[in-house]
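Structural characterization, general
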Amino acid sequence: MTPRTTEPPVIEHGGGVWSIKVPIPDNPLGFTLVHLLDTDAGPVLVDTGWDDPASWATLTAGLAACGVAVEDVHGVVITHHHPDHHGLSAKVREASGAWLAMHEADAAVVRRTRAQPPERWYGYLAAKLTAAGAPAGHVAPLVRARDGGRPRTLPGLDPALPDRAITPGELLGLPGRRLRAVWTPGHTPGHVCLHLEEDHPAGLRGNGRLFSGDHLLPGITPHIGLYEDPEDDTVTDPLGDYLDSLERVGRLAPAEVLPAHQRAFTDAPARVRELLAHHEERLTGLLTLLAEPLTPWRLAERMEWSRPWAEIPYGSRNIAVSEAEAHVRRLVKLGRAEAVPGSDPVTYVAV
């Protein structure tokens, strides 16, 4: 779990910007930093936090500490569709009538998620893990959930539909503020960072401030896995998208980064260089492992994680396999690995 901190649940950053630490239940990340931005039309939120009673209570109390009632919220800008960011959006809109804005690529994910019955998602995940070489015992709970008519227990299966689109490169319509959308796919296909093109209130050198969502974090790397879509078999390259997006953000050189987890930080270009080096090192390590043919599951078992594979929980193993697949897909696109013809489940080998 995240170590306890003495920082207050509400952090004032100056210049009409605050952060509220909204808890994520039973998650080592601990909390989502929901950002509050004052505008001439009323307060606007960047993300909303996890849909949980304790999270909702923290969000509303945090707003009150900033002198804002949830009923006053004018709009919500969602960096990406994941439930620790988009989860409370429906409650905020219901309480305030606020608009919800999201990039179209993630809005499409929201529409597909709402349209698919739960058993379709369980079956999709079971089929993907089987194709990746997961053992039958690991896949069995998903098959049982698919066949047993279980309720919608996965988080984020009924997300709020956004009613505004975020257009990359354009300023959002926030009176009195200059907030520009920067499309940063990788963590999700429609992830956006938000560049506040205003002088830093403390006079820090650099180009404004950046609400970075999960794209750029000070001490951890975001999950980069395959984009999930039961109706689309397009071969995407999420890791390639992410690395390209990192370089784009590094060139912005903001004075300060306000991420959705951990803490605010400076020197974004240096952090970008660290992350680029990390993924290059990881790809090089995978090539060593792929000296022999391996399925994505077997590859994930041998990769280095924050804990030994035997201690990684069930759901986190699924995430790890997806991340292994995204890295292998990048190696294949670069011509440094290939699928072994006729292998079932598919295995990959370095070339």
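This one's a predicted model, so the numbers in the text were calculated from it and none came from an experiment.

**Some words on the environment of Leu125**
Mapped onto the fold, Leu125 is located in helix α5 (residues 118–131). Taking the C-alpha atoms as reference, Leu125 lies 9.0 Å from Glu228; in sequence the two are 103 residues apart.

**Some words on unusual backbone geometry**
Excluding glycine, a negative phi dihedral is what most residues carry, and trans is how most peptide bonds are arranged. Asp344 connects to Pro345 through a cis peptide bond whose omega is 0°. Secondary-structure assignment places Pro345 in the loop between β12 (337–339) and β13 (348–350).

**Focus: the packing of helix α7 (residues 238–252) against helix α8 (residues 268–289)**
Between two packed helices, the angle of one axis relative to the other and the distance separating the axes together describe the packing. Their axes nearest at 9 Å, the elements α7 and α8 cross at an angle of 160°. Taken together, the axis directions place α7 and α8 in an arrangement best described as roughly antiparallel. Viewed along their axes, α7 and α8 form a crossing whose handedness is left-handed. Seen from α7, the contacting residues are Leu239, Tyr242, Leu243, Leu246, Glu247 and Gly250; seen from α8, they are Pro269, Val272, Leu275, Leu276, His279 and Leu283.

**Regarding the environment of Pro28**
When you line up the elements, Pro28 lands in the loop between β2 (17–23) and β3 (31–37). Taking the C-alpha atoms as reference points, Pro28 and Gly148, separated by 120 residues in sequence, lie 30 Å from one another.

**Some thoughts on helix α10 (residues 314–333)**
The end-to-end C-alpha distance of α10 is 29 Å, a good match for the 28 Å that 20 residues give at a rise of 1.5 Å each. Positive backbone phi, at 75°, marks Gly335, one or two positions downstream of α10.

**Digging into the pattern of salt bridges**
Counted by the stated rule, this structure contains 13 salt bridges. Glu104 is the partner of Arg111 in a salt bridge, and the nearest nitrogen-oxygen pair spans 2.4 Å. Since its relative accessible area comes to 41%, Arg111 is described here as partly exposed. For the salt bridge of Glu197 with Arg178, the shortest nitrogen-to-oxygen distance reads 3.1 Å. With Glu197 in the loop between β9 (192–196) and β10 (209–213) and Arg178 in the loop between β7 (164–166) and β8 (179–183), this pair connects stretches of sequence that are 19 residues apart. Residues joined in a network through salt bridges with shared partners are Arg178, Arg180 and Glu197.

**A look at the sheet that holds β2**
Read from one edge of the open sheet, seven strands run β1-β2-β3-β4-β5-β6-β7, paired in mixed fashion. Edge positions in the open sheet fall to β1 (10–12) and β7, since each of these has one partner strand only. In this sheet, adjacent strand axes meet at a mean angle of 25° when their direction is disregarded. Bridge count for β2 against β3 is seven bridges, and the pairing is antiparallel. Looking at β3, one finds that Ile20 is bridged to Val34.

**Structural notes on the environment of Ala291**
Mapping Ala291 onto the fold places it in the loop between α8 and α9 (296–302). Here the alpha-carbon distance between Ala291 and Leu243, two residues 48 residues apart in the chain, equals 25 Å.

**Looking at the packing of aromatic side chains**
Across all of its chains, the model carries two aromatic pairs by this definition. Ring centres of Trp121 and Tyr124 lie 6.0 Å apart, and the angle between their planes is 85°; on these two criteria the pair is classed as edge-to-face. With a gap of three residues between them, Trp121 and Tyr124 both fall in helix α5, about one helical turn apart. The pair Trp121 / Tyr124 is uniform in exposure class, with both members buried. Here the aromatic rings of Trp297 and Trp309 are separated by 5.4 Å at their centres, their planes lie at 90°, and the arrangement is edge-to-face. Of this pair, Trp297 sits in helix α9 while Trp309 sits in the loop between α9 and α10; the two residues are twelve residues apart in sequence, bridging distant segments of the chain. Taking relative accessible area as the criterion, Trp297 reaches 4% and is therefore assigned buried. Just above the ring of Phe31 sits the side chain of Lys21; from NZ or CZ to the centre is 4.6 Å. Taking the ring centre of Trp305 as reference, the NZ or CZ of Arg282 above it sits at 4.7 Å.

**Structural notes on the pairing of strand β6 (residues 99–103)**
It is a general feature of regular strands that their side chains alternate between the two faces of the sheet. The buried fraction of β6 amounts to five of the five residues, a majority that puts the element mostly inside the structure. What you see with β6 is no split at all: Trp99, Ala101 and His103 on one side and Leu100 and Met102 on the other are buried throughout. As judged from the three bridges shared by strand β5 (residues 75–77) and β6, these two strands associate in the parallel manner. Opposite Gly75, over in β6, you have Trp99 as the bridge partner. Relative to β7, β6 is paired through three bridges, and the arrangement is parallel. Note on β7: the bridge partner recorded for Met102 is Ala165.

**Section: the layout of surface pockets**
Of the voids in this model, the second largest pocket is the one considered here, and its volume is about 610 Å³. Residue lining of the second largest pocket: 22 residues in total, with Leu226, Asp233, Thr234, Val235 and Arg329 positioned closest to the centre. When contributions to the lining of the second largest pocket are tallied by element, the ones reaching two or more residues are α5 and α10. Ranked by residue count, the leading element in the lining of the second largest pocket is α10, at four residues. The residue inventory of the lining of the second largest pocket, partitioned by class, reads twelve nonpolar, two polar and eight charged.

Reading the values: rules and limits
Residues numbered from 1 in each chain as written. Predicted model: local features only at pLDDT ≥ 70, side-chain atom pairs only at ≥ 80, totals over all residues. Heavy atoms only, no water. Helix = DSSP H or I, 4+ residues; strand = E, 2+ residues; numbered from the N terminus. Axes fitted to C-alpha atoms, helices over the stretch in contact; angles between N-to-C directions. Parallel < 35°, antiparallel > 145°, perpendicular 65-115°, else oblique. Left-handed = near helix turned anticlockwise from the far one by under 90°. Contact = heavy atoms within 4.5 Å. Expected span 1.5 Å × (residues − 1). Salt bridge = Lys/Arg side-chain N within 4 Å of Asp/Glu carboxyl O. Buried < 20%, exposed > 50% of the residue type's maximum accessible area, 1.4 Å probe, protein only. Pairing = 2+ DSSP bridges. Phe/Tyr/Trp six-rings, centres within 6.5 Å; stacked < 30°, edge-to-face > 60°. Lys NZ or Arg CZ within 6 Å of the ring centre and 35° of its normal. 1 Å grid on protein atoms, 1.4 Å probe; cavity = no way out; pocket = protein on both sides within 12 Å on 5 of 7 lines; lining within 4 Å. Points joined across faces, edges and corners; volume = space filled by probe spheres on them. Nonpolar A, V, L, I, M, F, W, Y, C, P; charged D, E, K, R; others polar.

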